[in-house]
Amino acid sequence: MPTCQCVNTSIHYQREGNGPTLLLLHGLGSSHRDWQAQIDAFKSNFDVIAPDFPLHGESNGDIHTFSLPYCARIIHALLDELEVEQAIVIGISMGGMVGLELAIHHPQKVARLAVVNALAECKPRRWNEWWMLLSRRFLLAYVSVENIAKLMAKQLLPGKGLEEARKNAVARWSRNDRESYIAAFNAVINWSVTGRLAAVRCPIFILSAEHDYTPVGAKKVLAYIYPEGEMDCLNGAHHLAPLEAPEQFNQRLSLWLLNSEHVSSV
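Treat the numbers as computed from the prediction; the structure is a model and nothing was measured.

Another aspect to go through is the confidence of the model for the protein. Scored by pLDDT, the protein comes out at a mean of 93, with 97% of its residues at no less than 70. Scored below 50 in pLDDT, residues 262-266 shows 17 contacts in the model against residues more than four places distant or in partner chains.

Right under this line is the structure:
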């Protein structure tokens, strides 16, 4: 997999296909490999780029400087190095947050933005959000990374028929460095761009799983405030919809991409 030096950080990425650039941004503790079903589905019509964020996958980084704005700076530098003038950005969870940071700080780089299972802030407000935060901190303090990966796989990829997906996810997530994961987790908690949303110039698509951590209604509000905002819900899906229900996810993403002025067919 190719590597690029971006802001003194070695960033690994996967790039396949030809056409308009489709940039896929992964979530916390994940890597570009969680996007494989989407890379395979869209590479025939797009120049698909899927990087590993700093401290994730095969990319290095510094736990003391990691932040979501820093990740956006890294991605902007990567696009410059790859001579990409503008991209359609798809980000899930933390990747959606970085996508918003990118659209705010480097609007010329983002043609359209799809935010999957994320909001414009990550501040616990409801009891279940506080429970998720406190339980995750407990796990990070006292449980091995491998066992955390197993617990997360059961929660995020539930049900029959996903045994292979869970097995593969555990194998990938178990490779996470504990201190790197904690640094990224801390960067996400209490992050917010709610006061800077007016700087976003591109059309935004908010895609929510029915059983995501945060309520579907909150995502409807986020989409509503944009003149060119759209929102849809993936029925029956959970937080990692691209892994859990790739065909359903890809179909809905294809419909959105068909409406893009940059693409005539998918």
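This part takes up the environment of Leu119. Mapped onto the elements of the fold, Leu119 is located in the loop between strand 6 (110-116) and helix 4 (127-142). Between the C-alpha atoms of Leu119 and Ala223, which are 104 residues apart in sequence, the distance is 9.7 Å. Contact partners of Leu119, with chain neighbours within four places excluded, come to Met97, Leu100, Trp191, Thr214, Ala218, Lys219 and Leu222.

This paragraph deals with the packing of helix 5 (residues 145-156) against helix 6 (residues 163-173). Contact geometry for helix 5 and helix 6: axes closest at 9 Å, N-to-C directions at 145°. Note that helix 5 runs across helix 6; the crossing there is right-handed. Listed contacts from helix 6 to Val145, Ala149, Lys150, Met152, Ala153, Lys154 and Leu156 of helix 5 are Arg166, Val170 and Trp173. Per-class residue counts for the contact of helix 5 with helix 6 are seven nonpolar, no polar and three charged.

Moving on to unusual backbone geometry. Of note, Ser93 is a non-glycine position whose phi angle comes to about 55°, a positive value. Looking at the secondary structure, you find Ser93 in the loop between strand 5 (87-92) and helix 3 (94-105). For Ser93, a relative accessible area of 15% gives the class buried.

Where burial is concerned, most of strand 7 (residues 204-209) is hidden: six out of the six residues are buried. The alternating pattern of strand 7 places Ile204, Ile206 and Ser208 on one face and Phe205, Leu207 and Ala209 on the opposite face, and all of these are buried. Bridging between strand 6 and strand 7 involves four bridges; their strand directions are parallel. Note that in strand 7 the partner of Val116 across the bridge is Leu207. In the sheet, strand 7 pairs with strand 8 (residues 229-234) via six bridges, with the strands oriented parallel.

Thresholds applied
- Residues numbered from 1 in each chain as written.
- Predicted model: local features only at pLDDT ≥ 70, side-chain atom pairs only at ≥ 80, totals over all residues.
- Heavy atoms only, no water.
- pLDDT = per-residue confidence, 0-100.
- Contact = heavy atoms within 4.5 Å.
- Helix = DSSP H or I, 4+ residues; strand = E, 2+ residues; numbered from the N terminus.
- Axes fitted to C-alpha atoms, helices over the stretch in contact; angles between N-to-C directions.
- Left-handed = near helix turned anticlockwise from the far one by under 90°.
- Nonpolar A, V, L, I, M, F, W, Y, C, P; charged D, E, K, R; others polar.
- Buried < 20%, exposed > 50% of the residue type's maximum accessible area, 1.4 Å probe, protein only.
- Pairing = 2+ DSSP bridges.

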